Amino acid sequence: MQDQFGRKIDYMRISVTDRCNLRCRYCMPEGGIDNLPMTDMLTYEEIVEVCRMAADLGITKIRLTGGEPLVRLELPKLVKMIRAIPQIQKINLTTNGVLLDRQLDALVDAGLDGLNISLDTLDREAYARTTGRDELEKVLSGIQHSLDAGLSVKVNAVLLADSFFAAPSKADAQVVPFRDPNWYSMLSLAKHHPVDLRFIELMPIGEGQQYEYFSAEVLLNEMKHRFPGLEEDYAIHGNGPAHYYKIPGFQGSIGVIEALHGKFCDACNRVRLTATGRVKPCLCYATTYDIREPLRNGDLDRVREVMELAIWKKPKEHCFEELAEISEEHKMVSIGG
Ligand code: SAM
Ligand code: SF4
């Protein structure tokens, strides 16, 4: 289906839970959030019903996200149920990777196509400090095993200034813990593994508003400086908004997503479904459309009408560069990124 600006909407991101086993500082308040009662969240059967309706409207790609999707019980079961919808061509998962090892085989058997694994640093202490949990080893093992299982793997790293990762020090709170900048150390993932390593600008939503902004432009200039052989990579890497680059000798590619100033809204193809059954046409704005109520009343015609309306009304563009206009007040953990 097309929206009012003629964009073809064929991609739906589904948040399956608001719960999470990490506390990434830019996403979740330290004390966590008040979790939704389970009865407020769509059941797997309800999610699949929405997916069937969405597929009829032209959705062919689904991404499962959260909170942390792998903390919801039996996620592979949901993947398998969605896989049975003939029009759905791709099912991907965005995860922090901590619980991946345990569930990988079941996810592959269920028909998962690929994974985005979120990881912002390879420094164990900095990881523990900024996510609240000492789980880096599990994430790295999850990445390796996903590659071994033949899945397509993208690693998503939020672009954060090194001060974000710094250990609080009595002498100087700004002490930088790394010999090299954090982004540079992260590159070793793409050097030694066939993964797309994607750096994403921090969006000024929820907790993200309080941290220093590190622009994709600065990153690119620094990469060009350190790697004069860096060149654009024109291969297709999925349908996301990243620009890709190749560094000679690296197995993987480096992606850069200008979430703030890069206006890729003209090519935006997505809507979101929240864990409580609201269709959200744009990340930047609070506007959502409830489909849980008609779904639970068995009024599928109304569900379809509301979905059509939400898609049609998708805003022309985001407004991340105008802080005052951002109406989304939820934490990213409850939106799903
Ligand atoms: N828990 C899963 C994970 O971390 O991959 C899925 C949900 S998480 C909200 C999805 C993505 O949003 C993660 O890659 C996370 O780094 C990113 N994210 C969270 N807050 C953000 C912000 N303010 N700006 C940019 N990305 C953000
Ligand atoms: Fe971190 Fe994802 Fe959890 Fe947010 S939802 S705290 S980004 S793991």
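This text goes with the structure placed above it.
All of the points below concern the structure found in this document. For clarity, every value in this text was computed on a predicted model and none was experimentally measured.

1. Observations regarding the packing of aromatic side chains
So, step 1. One pass over the full model with this rule turns up six aromatic pairs.
So, step 2. With a centroid separation of 6.0 Å and an interplanar angle of 40°, the aromatic rings of Tyr-26 and Phe-164 are classed as tilted. With Tyr-26 in the loop between strand 1 (11–15) and helix 1 (44–56) and Phe-164 in helix 6 (residues 162–165), the pair connects residues that are 138 residues apart, well separated along the chain. Each member of the pair, Tyr-26 as well as Phe-164, is classed as buried.
So, step 3. Over the ring of Phe-164 we find Arg-25, and its NZ or CZ is 4.6 Å from the ring centre.

2. Examining the site of ligand 1
So, step 1. Looking at ligand 1, there are 18 residues lining it, with Tyr-26, Gly-67, Glu-68, Ser-118 and Met-203 nearest.
So, step 2. Here an oxygen atom of ligand 1 sits 2.5 Å away from a polar atom, N or O, in the side chain of Ser-118.
So, step 3. When the free accessible area of ligand 1 is taken as 540 Å², the share hidden by the protein chains comes to 93%.
So, step 4. Partitioning the shell around ligand 1 into residue classes produces six nonpolar, 10 polar and two charged.

3. Regarding the environment of Tyr-44
So, step 1. With respect to the secondary-structure elements, Tyr-44 resides in helix 1.
So, step 2. Here the alpha-carbon distance between Tyr-44 and Leu-78, two residues 34 residues apart in the chain, equals 6.0 Å.

4. Overview of helix 1
So, step 1. Between its first and last C-alpha, helix 1 extends 18 Å over 13 residues, near the 18 Å set by a 1.5 Å rise per residue.
So, step 2. Residues of helix 1 that are buried include every one of Tyr-44, Glu-46, Ile-47, Val-48, Val-50, Cys-51, Met-53, Ala-54 and Ala-55, and no others.
So, step 3. On the buried face of helix 1, the contacting elements are strand 1, strand 2 (61–65), helix 2 (75–83), strand 10 (270–273), helix 9 (292–296) and helix 10 (300–312).
So, step 4. Trailing helix 1 by a residue or two, Gly-58 shows a phi angle of about 110°, which is positive.

5. Details of the sheet that holds strand 11 (residues 278–280)
So, step 1. The 12 strands lie next to each other as 7-8-9-6-5-4-3-2-1-10-11-12, forming an open sheet whose pairing is mixed. In this open sheet, the two strands that pair with only one neighbour each are strand 7 (231–232) and strand 12 (289–290).
So, step 2. Of the strand pairs in this sheet, strand 2 and strand 3 (residues 90–95) are connected by four bridges, and their pairing is parallel. Among the inter-strand pairings, Lys-61 is bridged to a residue of strand 3, identified as Lys-90.
So, step 3. Its contacts with the sheet put helix 1 on strand 1, strand 2 and strand 10, and the angle it makes with strand 1 is roughly 170°.

6. Structural notes on the packing of helix 2 against helix 3 (residues 100–110)
So, step 1. The N-to-C vectors of helix 2 and helix 3 enclose an angle of 10°; their axes lie 8 Å apart at closest approach. By the angle between their axes, helix 2 is roughly parallel relative to helix 3. Taking contact as the criterion, the partners of Leu-75, Pro-76, Val-79, Lys-80 and Arg-83 in helix 2 are, on helix 3, Gln-103, Ala-106, Leu-107 and Ala-110.
So, step 2. Within the contact of helix 2 with helix 3, the residues separate by chemical class into six nonpolar, one polar and two charged.

7. Side note on helix 5 (residues 136–148)
So, step 1. A rise of 1.5 Å per residue sets the reference length of helix 5, with its 13 residues, at 18 Å; its end C-alpha atoms lie 19 Å apart and thus fit the reference within 8%.
So, step 2. Of all the residues in helix 5, the buried ones are Leu-136, Val-139, Gly-142, Ile-143, Ser-146 and Leu-147. For helix 5, the angular spread of the buried residues around the axis is 130°, confining them to a single face. Away from the buried face of helix 5 by more than 90 degrees, exposed residues Glu-137 and Asp-148 are located.
So, step 3. With its phi angle positive at about 85°, Gly-150 sits one or two positions after the end of helix 5.

Rules of the game
Residues numbered from 1 in each chain as written. Chains lettered and ligands numbered in written order. Predicted model: local features only at pLDDT ≥ 70, side-chain atom pairs only at ≥ 80, totals over all residues. Heavy atoms only, no water. Phe/Tyr/Trp six-rings, centres within 6.5 Å; stacked < 30°, edge-to-face > 60°. Helix = DSSP H or I, 4+ residues; strand = E, 2+ residues; numbered from the N terminus. Buried < 20%, exposed > 50% of the residue type's maximum accessible area, 1.4 Å probe, protein only. Lys NZ or Arg CZ within 6 Å of the ring centre and 35° of its normal. Near = heavy atom within 4 Å. Polar contact = N/O pair within 3.5 Å; in protein donor to acceptor, adjacent residues only side chain to side chain. Areas by Shrake-Rupley, 256 points an atom, 1.4 Å probe, with all protein chains shown as cover. Nonpolar A, V, L, I, M, F, W, Y, C, P; charged D, E, K, R; others polar. Expected span 1.5 Å × (residues − 1). Contact = heavy atoms within 4.5 Å. Pairing = 2+ DSSP bridges. Axes fitted to C-alpha atoms, helices over the stretch in contact; angles between N-to-C directions. Parallel < 35°, antiparallel > 145°, perpendicular 65-115°, else oblique. Arc of directions from axis to C-beta.

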